[in-house]
Amino acid sequence: AGFGAGLALALASSAFIGGSFVLKKKGLLRLCGRARAGQGGHAYLREWLWWAGLLCMGVGEAANFAAYAFAPATLVTPLGALSVLVSAVLSSIFLNEQLNVHGKIGCMLSILGSTVMVIHAPQEEEVSSLESMAEKLKDPGFIVFAVCVLVSSLLLIFVAGPRYGQSNVLVYVLVCSAIGSLSVSCVKGLGIALKELFSGKPVLKEPLGWVLLVCLVICISIQINYLNKALDIFNTSVVTPIYYVLFTTAVMTSSAILFKEWQHMVLDSIIGSISGFLTIVSGIFLLHAFRDMPLTPSLLPLFLQPGRADPHPPWSSADRHQACQHQPLLPLEDKGSQSAEEEE
């Protein structure tokens, strides 16, 4: 029951989040010369389409929130590849962003890789109370990971952002992905708190739940801000797949450190999970790297191009006769001078 509920919520989350990217981009395109998000402006706050996209993202994140409460993070997060598929299809329809054959193959590979990862999803350690969640948050490995995420995010925001934010898509997307790994950890903790609250325990008196809620609000605010900048500067079909790959990698790393998901996995499950993730990355690469390359007949091999003669005709007698003739090793002038030297 928990697996089915988590799977259904994750699928709904992907649909809403994929649509939210397109709605937000539509709202950003309607600014018409006003202060854009890429230059630090906030004129998009007056566009109802942007708010509709934000509402869809909120619904998707709420469904994602509930999915994390029912299923492991490594099971829920790979299904975010479906949001890439939804965003790519809707972008080709409503934003006139072409989805070529490579993009379609990339979407299929993303779905295939997600299915493989779901089948071989690792099991996380059971965390049933806020006390056990607090013990896991105190783990030295997770503390080192959180400090590295915060320091790298500050460097990206204040050092790399002003220099390379307008030309490199990785700057702002890395900020969203790194902070997103911490937000997923907060979501898992809040899901445990809600379960305890519904069971009648005095969770509201526990300070950890409020700390996780404040941290989640801060993390989501940072993600929204820098995701808007990335969407305003770069193409949606570029931002969405790169964000998915980096976000999934960060969440898998955070979950593996915090919940020890990979500790009790057998070899075939490890290989299956890695293979599924690499398949997703391959699909995302096809979707991103060849997005502007149309598959025209000129790109096909010559024997598959319509109306083209075979560039290598069958072996004929004339060709055989011409090929059997020995070509002179020296030019004619050199041969004449060589014979004159022999006569002398």
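Residues numbered from 1 in each chain as written. Predicted model: local features only at pLDDT ≥ 70, side-chain atom pairs only at ≥ 80, totals over all residues. Heavy atoms only, no water.

**Some details on the pattern of salt bridges**
Then, in step 1: One pass over the structure, following the stated rule, counts one salt bridge.
Then, in step 2: Lys 201 serves as the salt-bridge partner of Glu 196, at 3.9 Å between the closest nitrogen and oxygen. (Salt bridge = Lys/Arg side-chain N within 4 Å of Asp/Glu carboxyl O.)

**Thoughts on the UniProt feature "transmembrane region" (unreviewed entry) in the protein chain**
Then, in step 1: In the UniProt entry, the feature "transmembrane region" (unreviewed entry) is given for residues 48-68, 75-95, 101-121, 142-163, 169-187, 208-226, 238-259 and 266-290.
Then, in step 2: In this annotation, residues 48-68 is assigned 100% helix and 0% strand; the end-to-end C-alpha distance for the span is 30 Å.
Then, in step 3: This span, residues 75-95, is 76% helix and 0% strand, and a straight line between its end C-alpha atoms measures 31 Å. (UniProt positions renumbered as here; feature names shortened; annotations may be inferred. Helix = DSSP H or I, 4+ residues; strand = E, 2+ residues; numbered from the N terminus.)

**Structural notes on the packing of aromatic side chains**
Then, in step 1: Here the structure, examined in full by the defined rule, presents four aromatic pairs.
Then, in step 2: Look at Phe 142 and Phe 145: their rings are 6.4 Å apart centre to centre, the planes differ by 35°, and that puts the pair in the tilted class. Taken as a pair, Phe 142 and Phe 145 lie in helix H7 (residues 140-164) at a separation of three residues, close to a single helical turn.
Then, in step 3: Seen in terms of ring centroids, Tyr 172 and Tyr 226 are 5.7 Å apart; in terms of plane orientation they differ by 35°. Their pairing is tilted. Remark: Tyr 226 occurs in helix H9 (residues 207-233) and Tyr 172 occurs in helix H8 (residues 170-198); sequence separation between them is 54 residues. Residue Tyr 172 shares its accessibility class with Tyr 226, and that shared class is buried.
Then, in step 4: Among the aromatic residues, those joined into a cluster by ring pairs are Phe 21, Tyr 243 and Phe 247. (Phe/Tyr/Trp six-rings, centres within 6.5 Å; stacked < 30°, edge-to-face > 60°. Buried < 20%, exposed > 50% of the residue type's maximum accessible area, 1.4 Å probe, protein only.)

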